[in-house]
Amino acid sequence: MFTRIDKLAIELPEPKYADANAAAAVQELLGGRFGEMSTLNNYLFQSFNFRQKKKLKPFYDLIASIAAEEFGHVELVSTAINLCLTGSTHPGDPDIAPMRNAVDKRNTYHFIATAQTAFPGDSMGKAWTGDYVFSSGNLILDLLHNFFLECGARANKMRVYEMTDHPVAREMVGYLLVRGGVHIVAYAKALEVATGVDVTKMLPIPNLDNKKFDIARKFEEQGVHRRLYTFSDKYYKDIAQIWKGTHPLDGQPLEVIEGIPQGGPVPELEEIPEAFAPGVSAEDFFEIAKRLQRSAGL
């Protein structure tokens with residue numbers, strides 16, 4: 001079972017301007033083949049389907065704890081998309097076409113179907129599919145696939161980082177470059193434990209140090225690249241049998257954190273009257289409040 005915490009993995013900056021085309025590009029990091037929905041569901045189903053959990057517990061704990069982190073990454077990317085879209089249109093009488101600017105944006109689906117918010121699809125509007133999930137039942141094959149998946153995700157993040165300088169998008173991508181790097185190293189170490197092959201000698205893939213990216217460098221200076229979280233105060237502690245020693249790139253000691261990152265506040269999305277979202281007027285709000293009071297016996 002999962003416990004939900006009303007925080008983001010990190011605090012995202014308040015958007016100063018809208019960039020709908022940046023949001024369209026960031027969609028790839030959510031619903032593309034190598035997006036966060038794919039990493040989440042790959043590890044989620046591998047953890048559900050894992051055979052001999054007790055015998056191979058450190059490997060199960062690793063996949064299960066990373067799966068839990070990926071839930072937060074899906075939320076973080078979705079929130080970044082929402083913030084990039086904030087302010088894209090303006091309120092007005094329907095006859096003046098207040099959402100006219102939307103027809104010139106690369107992904108009109110954001111405006112027509114989701115009221116300027118994220119959707120489970122890629123940068124070209126293709127819906128995410130369960131075909132992206134790989135759960136073979138073979139531990140080594142699944143670990144190797146996960147290593148490859150994280151490397152592909154890293155490549156896409158680097159490219160999106162270079163496609164937009166929107167502060168919200170870059171803060172999110174910079175952080176996930178670092179956390180994705182943690183997962184790459186973790187799966188590489190798991191493969192070394194399982195097979196004796198030092199996969200970390202191939203890192204980083206693609207071969208560009210995170211420190212080349214200003215935002216990623218900030219998070220690495222905070223030690224974010226050395227920490228792996230259990231996302232539980234009681235379970236999954238055996239990741240310490242894999243996540244140990246030093247980081248292959250800078251030689252700093254690796255650290256297992258029992259629990260979760262500190263996190264940051266979840267932004268409040270304001271109403272968009274021109275998109276009829278959330279579609280609750282001031283009068284409706286007061287009537288809803290009265291109903292809630294009556295149901296509570298007040």
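As the structure is a computational prediction, the values presented were derived from the model and not from experiment.

A.B. asks: Could you give an account of the UniProt feature "binding site: Mn(2+)" (unreviewed entry) in the chain, with specific residues and numbers?
C.D. replies: As annotated by UniProt and renumbered to match this structure, "binding site: Mn(2+)" (unreviewed entry) occupies E36, E70, H73, E150 and H183. Spatial clustering of the annotated residues is evident: they stretch over 148 residues in sequence, but the largest pairwise C-alpha distance comes to 13.0 Å. Structurally, the position occupied by E36 is in helix α3 (residues 36-49). Residue class for E36 comes out buried when judged on its relative accessible area of 4%. Not counting chain neighbours up to four residues away, the residues in contact with E36 comprise L29, L30, E70, H73, V74, V77, K157 and L176. As for its placement among the helices and strands, E150 is situated in helix α6 (residues 139-163). Ignoring sequence-local partners within four residues, the contact set of E150 consists of T39, Y43, E70, G180, H183, I184 and Y187.

A.B. asks: Please set out the packing of aromatic side chains residue by residue, giving values where relevant.
C.D. replies: What the rule picks out here adds up to twelve aromatic pairs. Taken together, F50, Y60, Y235 and Y236 form an aromatic cluster joined through their ring pairs.

A.B. asks: I'd love a proper account of α3, names of residues and values included.
C.D. replies: The terminal C-alpha atoms of α3, which comprises 14 residues, lie 20 Å apart, in line with the 20 Å expected from a rise of 1.5 Å per residue. The element α3 is extensively covered by neighbouring structure, given that eleven of its 14 residues are classed as buried. For α3, the set of buried residues is E36, M37, S38, T39, L40, N41, N42, Y43, L44, Q46 and S47. Contacts from the buried residues of α3 go to α2 (28-31), α4 (57-85), α6 and α7 (167-195).

A.B. asks: Report on the UniProt feature "binding site: Ca(2+)" (unreviewed entry) in the chain, specifying residues and quantitative values.
C.D. replies: Under the feature "binding site: Ca(2+)" (unreviewed entry), the UniProt entry names D61 and S232. Of the residues just listed, which span 172 residues, no C-alpha pair is farther apart than 10.7 Å, and they cluster in one region. Relative to the elements of secondary structure, D61 occurs in helix α4. Judged by its relative accessible area of 1%, D61 is buried. The contact partners of D61, leaving out residues within four places of it in the chain, are Y236, K237, D238 and I239. Among the polar contacts listed, one links the side chain of D61 to the side chain of K57, at a separation of 2.7 Å.

Reading the values: the criteria
- Residues numbered from 1 in each chain as written.
- Predicted model: local features only at pLDDT ≥ 70, side-chain atom pairs only at ≥ 80, totals over all residues.
- Heavy atoms only, no water.
- UniProt positions renumbered as here; feature names shortened; annotations may be inferred.
- Helix = DSSP H or I, 4+ residues; strand = E, 2+ residues; numbered from the N terminus.
- Buried < 20%, exposed > 50% of the residue type's maximum accessible area, 1.4 Å probe, protein only.
- Contact = heavy atoms within 4.5 Å.
- Phe/Tyr/Trp six-rings, centres within 6.5 Å; stacked < 30°, edge-to-face > 60°.
- Expected span 1.5 Å × (residues − 1).
- Polar contact = N/O pair within 3.5 Å; in protein donor to acceptor, adjacent residues only side chain to side chain.

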